[in-house]
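Spelled out, the chains give:
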Amino acid sequence: MARQKEEVISMVDTFQEFKELKNIDRSTMISVLEDSFRSVLAKMFETDENFDIIINPDKGDFEIWKNRTVVADNELQNANTQVSLSEARLTVADIEVGEDFSEEVHFEKFGRRAILNLRQTLAAKILELQKDVLYNKYKDLIGRITTAEVYQIWKREIMLVDDDNNELSLPRAEQIATDNFRKKDHVRAVVLRVDNANNNPKIILSRTSPIFLQRLLEQEIPEVADGTIRIVKIVRLPGERAKVAVETSDDRIDPVGACVGVKGGRIHGIVRELRGENLDVIPYTSNPSLFIQRALSPASISQIYVHEDTKTADVYMRPEEVSLAIGKNGANIKLACLLTGYQIDVYREGAGNDIFLDDFSDVIEPWIIQALKGIGLATAKSVLDADPKMVADQADLEDETVEEVVSILQKEFEGSEDEEEPAE
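One structure accompanies this document, and this report is about it. Computed from a prediction, not measured in an experiment: that's the story for all the values here.

1. Observations concerning the layout of surface pockets
- Size it by volume and the largest pocket reaches roughly 320 Å³.
- Around the largest pocket sit 17 residues that line it, and L134, E167, N200, P201 and K202 are the ones nearest its centre.
- For the lining of the largest pocket, the secondary-structure elements that each account for two or more residues are helix 4 (112-139), strand 6 (157-161), strand 7 (167-171) and strand 9 (202-206).
- Here the lining of the largest pocket is composed, by residue class, of 7 nonpolar, 5 polar and 5 charged.
- Each pocket or cavity is described by its volume, and for the second largest pocket that value is around 150 Å³.
- As for the second largest pocket, its lining consists of I333, K334, C337, Q343, A371, G374, I375, Q394, A395 and D396.
- A class-by-class count of the residues in the lining of the second largest pocket yields 5 nonpolar, 3 polar and 2 charged.

2. Considerations on the sheet that holds strand 6
- Spatial strand order, 5-6-7-9-8: 5 strands in a closed barrel with mixed pairing. In this sheet, adjacent strand axes meet at a mean angle of 55 degrees when their direction is disregarded.
- For strand 5 (residues 145-153) and strand 6, the ladder comprises 4 bridges, and the chain directions are antiparallel. Looking at strand 6, one finds that I153 is bridged to I158.
- Of the strands in this sheet, strand 5, strand 7, strand 8 (186-195) and strand 9 are in contact with helix 4, which crosses strand 8 at around 105 degrees.
- Together, strand 5, strand 8 and strand 9 form the strand contacts of helix 5 (residues 210-220), whose direction differs from that of strand 8 by roughly 130 degrees.

3. A word on unusual backbone geometry
- A cis amide bond links S297 to the next residue, P298, at an omega of 20 degrees.
- Secondary-structure assignment places P298 in the loop between helix 9 (288-295) and strand 13 (303-307).
- Unlike most non-glycine residues, K263 shows phi in positive territory, near 55 degrees.
- Tracing the sequence through the fold places K263 in the loop between helix 7 (255-260) and helix 8 (268-273).
- Despite not being glycine, D396 shows a phi value in the positive range, around 55 degrees.
- For D396, the location among the structural elements is in the loop between helix 14 (388-395) and helix 15 (399-420).

4. Some words on the sheet that holds strand 15 (residues 343-348)
- Taken in spatial order, the 3 strands make up an open sheet running 13-14-15, and their pairing is mixed. The open sheet is flanked by strand 13 and strand 15, the only strands paired with a single partner. Across this sheet, the average inter-strand angle for adjacent strands is 15 degrees, counted without regard to direction.
- With 6 bridges joining them, strand 14 (residues 312-317) and strand 15 adopt parallel strand pairing. Within the sheet, the bridge partner assigned to T312 lies in strand 15 and is Q343.
- Packing of helix 10 (residues 319-326) onto the sheet brings it into contact with strand 14 and strand 15, and relative to strand 14 it is tilted by some 135 degrees.

5. A look at the packing of aromatic side chains
- Under the criterion given, the structure shown has 5 aromatic pairs.
- Aromatic side chains Y284 and F291 sit 5.1 Å apart centroid to centroid with 75 degrees between the ring planes, which places their arrangement in the edge-to-face category.
- Residue classification places Y284 among the partly exposed positions, given a relative accessible area of 31%.
- Residue classification places F291 among the buried residues on the basis of a relative accessible area of 7%.
- An aromatic cluster of three or more residues is present, and its members are Y305, Y316 and Y347.
- Over the aromatic face of Y151 sits the side chain of K183, whose NZ or CZ is 5.4 Å from the ring centroid.

6. Quick notes on the pattern of salt bridges
- A complete count under the given rule lists 27 salt bridges for this structure.
- Between D250 and R252 there is a salt bridge whose closest N-O contact spans 3.0 Å.
- Of the residues examined, R252 reaches a relative accessible area of 76% and is grouped as exposed.

Rules used throughout
Residues numbered from 1 in each chain as written. Predicted model: local features only at pLDDT ≥ 70, side-chain atom pairs only at ≥ 80, totals over all residues. Heavy atoms only, no water. 1 Å grid on protein atoms, 1.4 Å probe; cavity = no way out; pocket = protein on both sides within 12 Å on 5 of 7 lines; lining within 4 Å. Points joined across faces, edges and corners; volume = space filled by probe spheres on them. Helix = DSSP H or I, 4+ residues; strand = E, 2+ residues; numbered from the N terminus. Nonpolar A, V, L, I, M, F, W, Y, C, P; charged D, E, K, R; others polar. Pairing = 2+ DSSP bridges. Axes fitted to C-alpha atoms, helices over the stretch in contact; angles between N-to-C directions. Contact = heavy atoms within 4.5 Å. Phe/Tyr/Trp six-rings, centres within 6.5 Å; stacked < 30°, edge-to-face > 60°. Buried < 20%, exposed > 50% of the residue type's maximum accessible area, 1.4 Å probe, protein only. Lys NZ or Arg CZ within 6 Å of the ring centre and 35° of its normal. Salt bridge = Lys/Arg side-chain N within 4 Å of Asp/Glu carboxyl O.

Keep in mind that these numbers describe shape and distance, not what the molecule does.
Below you can see the structure in the form of structure tokens.
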């Protein structure tokens, strides 16, 4: 019996420890304990309404009192809610019929099964409470950076744990390609979302989200943190390159210079955190023509024609500038399109008798033409002059597809040369 009493009190002590670890307030803790006791009592006595439960979690102590109405000895119908006059007078000599009779219930006398039932009920309620606390905590942290320790590494995700030993998930798709974490490493990431299917919260982190870069900029650049410089838009190819459009209402501040710092000092740490991801900070303007020119930096543009109705832009530049506009693996022009919201087609100046790819839409699939234009190859000669392997890789086309396109273009120019030869 004494052992059973110790087990019940031990459960209260355990809950007190849980409260200290999880920062659960006193009223919530008492409520969970009381609900657990009432759940067990209701199963045993069909109702818990006539029980008073007094809990003192600071001492690890509790009391249970059962309240019944005194009835005449021959009128007793329900022993759970009524007590006979003769039985009540064994405890209170002057009690009368109709009065309330309270007596302390010693839970340990209900037996080991009741205690085990209480333990299971309490454990289930604690688990549900823990899930609610976890969900509410990280729901409020969505969009903010958190630091956690690598606990387990799998093929599709990394499991991390925070300071409270809560499990967080960093999926492979939300990791930078060159991320290489080991167990016990501390990882910084932004809280992307909190899934809560079947009341089972799962915290998803991200290192590839533009929000992650925005929060890093806010941490490193005071003018961004206090709102003096506003980040208009961020686009990323994680681990490769990112473009950040910024503006300020303070004419005394150069938003780009303030963000970059002297010799890039303010963004060096961010670049290291992002595994060498190059950052282009661009002054925002509502002028689409100027914004596109800035977005294509470091390339210089000779002419630009913006088509507002189709959200496209035709950009002409010297041949030596085209590779700069396209960038490695087409990264620069892809990000410029994403940043400005325009489909940008790059053309070489001095095309001569060159032919635009759009003129081949009757023999080349339009999606193939768009893929080629997406890497800055907008004319027939630009495709023919390019390395086929490079075209296939950057435009994400099959080698056979590129070979077929080259064959079509070559035939066009061969036909043109034949027509120019004098007749014999």
